[in-house]
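What follows is the residue order along each chain.
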Amino acid sequence: MKHFLLSSAALFLFKTMGAQVTLSNGKHVLEISGSISTYYNDRQLKAGEEDQSKNRFKLRDAELNLEGRVGSDYEYELKADFADMAANNSGQEIDPENPGLMQATVKYKGFRFLEVEMGYGKVYYSRSSMHPFSFSPYWQRAELVRGSIFSRRDVGVTLMKNFWKQRANIYLGAYTGLGELSLAGDNDPSGQLEYIGRFDMAYPSRYRYRDIDDRITPIPMFAIGLNARYMNKQLPAGEFFPDNAAGEYGLKVIDGKRYVYGMDASFQYMGFSGQFEIHQMKIEPQNDNDPLFVNLTPKQTKGYVLSGGYIAQANYFIKNWKTIVSARYEELDLNDLVPGNSQRFSSALAYQLSGYNAMIKFQYFNILKEESLDPLKWDEQFRIGMQFLFK
Amino acid sequence: MKYKLLFLGVCFSISLSGQTQKTVRIKPFKSIATAIPEPSDSCFDKKTNHFFVVSDNGVLFETDHDGIILRQKAETNCDYEAVYVNDDFVYAVDETHRNIHIYDRNTLECSKIINVPYSGGRNSGYEALTFNPVKQSWLLFTEKNPVTLFELDAQFVITNQIALSALARDISAATFNEGFLWLLSDEDRTVFKLDPKTYQCIARWELPLINPEGLAFDAEGKLLISCDDMQRMYYFNNPEKP
């Protein structure tokens, strides 16, 4: 029934709007856009592994995006991905990188000295997380920033301000703290929120959250960002977090305090661009027998766990060939109390049939080293497909 | 080995295929920081030797050669992306609402607002406006997705449209100088000179600037480019008379 209603609404919308992608009544301007992307995935399993279910075509995106302005004071964005909704309804676990509802926010600009955004959407933490997927040659973000370690979206309120000719931005926000699961409604039994702050600065001009220098920038451009987030979700005795709230690695929410600090840097010049990003998490579970302490004594753990990693990425846009080449290296340590870390390499090649609007993308994944906490059944993967944006 | 050479040869051919004309790189001889936030287009007023400049937040400015603001007029709920001046009026184009605001050039009072409907993306609407004296028609250009040149009559009714996506990834400004149409592409950082009858490209010049959005020629034929993100105005010698 839900699908029927959604399909009917979409059909009605398209029928009534004809070929228009922007509607206006003089005060209210509404823009309709979206994307469809599909890829084929081929996974190279380790010896002895036999589950080949990841060798398949996948509809990654079937997005519809409504963006609007009402007068000069209000902006809103409503973005949904029908492919993810269908997957979630079929009983699959929610992919934090593709949760279904992608954005439902209203921004109020009437205060002039700052803007206020409320609703559900990307939180202002991590440049790589905020970078729009459609401008990337990759099919998947780095593991560190794809929502398995810390949430990428949440319900809450953000205050934002830019200054110095838009070269500097500051964001301060409070959110439920359950990330993508916050849409379920209630908070966890602790009732506490997560607080996030970010500051970034660019030179010599403002620097959008883009990885590829498709304008062949003739003057070197740099940007640096610092961000942090904090939550204290100490559960009352006998209470638990909602199912899957802690995420794949048990780090997204923890029974105790969690501090996350991150730094990112980016540059671009003459088609070359590079990004570096590092995150460190300090976790202080309230109970000595928390699984994150991996059965070590308080004397051994000193009452906290460290987790984190970094990403380094280099890109080149070959304008005459309409082609992006990119390589990415990532290191991740899920728990410093467990020896070892993981190392991943990925490269991407994207050919623009029509700019970013129609792009063939190829990504190669290679697990160079894996962590004992996160054993994988595969070590190489290939993904090729096409993204199509309509607007 | 034979196939690799063949592949490289094909790639090289593809890379050359889009460059039928030589692109010359030019450098500015002077730049001015301006107090105008996000200047998105400029035009030259022959009567006063001043410039009119519009900004993304809906303000029309009149400046001197040094970018000093002489007059300004603000509108609410506007995103001006193009400006044109003639003997009597200043025309400012609101990209978001597809409106042309017509100002009395002496008083800067807005006398009329004309809507020219366009159903493309909100931020890919009209980005450039000029008058073609050869064909006696107004020219409006959409920024991208796709780049389209619209010819309009004196009442701003569209009479013809020409696809220009093959010329550039986007168009951010347009003007006429010495009988030819000149266009500016922000994403390609390139100025184009076009035949005013056929709209065929005659020559092109590459600019070493970040986010160039405005294009004008002054009385001496010097080229003025305004840059949105940098909030600067750059002077170039006339590219045809370096």
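Here, every reference points to the structure presented above.
Attention in this report is confined to the structure presented alongside it.

Turning our eyes to something else, we now look at the overall build of chain A. Regarding its fold elements, chain A presents four helices and 17 strands. In summary, chain A has a C-alpha radius of gyration of 21 Å against a globular reference of 21 Å for 391 residues, a match within 12%. With the principal axes as the frame, chain A shows a C-alpha extent of 65 × 50 × 50 Å. Put simply, of all contacts in chain A between residues at least 6 apart along the chain, 63% involve residues at least 24 apart. On chain A, roughly 18100 Å² of surface is accessible, and the fraction owed to carbon and sulfur atoms is 59%. Computing the positive centroid from 45 side-chain charges and the negative centroid from 46, chain A places the two 8 Å apart.

Listed as interface residues are 33 residues of chain A and, on the opposing side, 29 residues of chain B. Summed over both sides, the interface between chain A and chain B buries roughly 2700 Å², with carbon and sulfur atoms accounting for 46% of that surface. The largest share of the area that chain A buries against chain B comes from K165, R215 and W321 of chain A, three residues that together contribute 22% of it. Counting across the interface, chain A meets chain B through seven salt bridges. A salt bridge links D229 of chain B to R208 of chain A; its shortest N-O distance comes to 3.0 Å. The interface formed by chain A and chain B holds 15 residue pairs in polar contact (both at pLDDT 80 or more) in total. Listed by contribution, the elements that provide at least two residues to the side of chain A that touches chain B are β1 (22-24), β2 (28-45) and β3 (56-70) of chain A. Here the side of chain A that touches chain B takes three residues from β3 of chain A, the largest share from any one element.

Residue and element names in this part refer to chain A. Here strand β4 (residues 74-81) runs beside strand β5 (residues 101-108); their pairing, made up of seven bridges, is antiparallel. Across the sheet, the residue bridging to E75 is K107, located in β5. In textbook terms, the turn of a hairpin is the stretch between consecutive antiparallel strands, and for β5 and strand β6 (residues 115-122) this stretch comprises six residues, one of which, R112, has a positive phi near 70 degrees.

About the criteria used
- Residues numbered from 1 in each chain as written.
- Chains lettered and ligands numbered in written order.
- Predicted model: local features only at pLDDT ≥ 70, side-chain atom pairs only at ≥ 80, totals over all residues.
- Heavy atoms only, no water.
- Helix = DSSP H or I, 4+ residues; strand = E, 2+ residues; numbered from the N terminus.
- Rg over C-alpha atoms; globule rule 2.2 N^0.38 Å.
- Contact = heavy atoms within 4.5 Å.
- Areas by Shrake-Rupley, 256 points an atom, 1.4 Å probe, with all protein chains shown as cover.
- Lys, Arg positive; Asp, Glu negative; His and termini not counted.
- Charge placed at Lys NZ, Arg CZ, Asp CG, Glu CD.
- Buried area = accessible area lost by both parts, 1.4 Å probe.
- Salt bridge = Lys/Arg side-chain N within 4 Å of Asp/Glu carboxyl O.
- Polar contact = N/O pair within 3.5 Å; in protein donor to acceptor, adjacent residues only side chain to side chain.
- Pairing = 2+ DSSP bridges.

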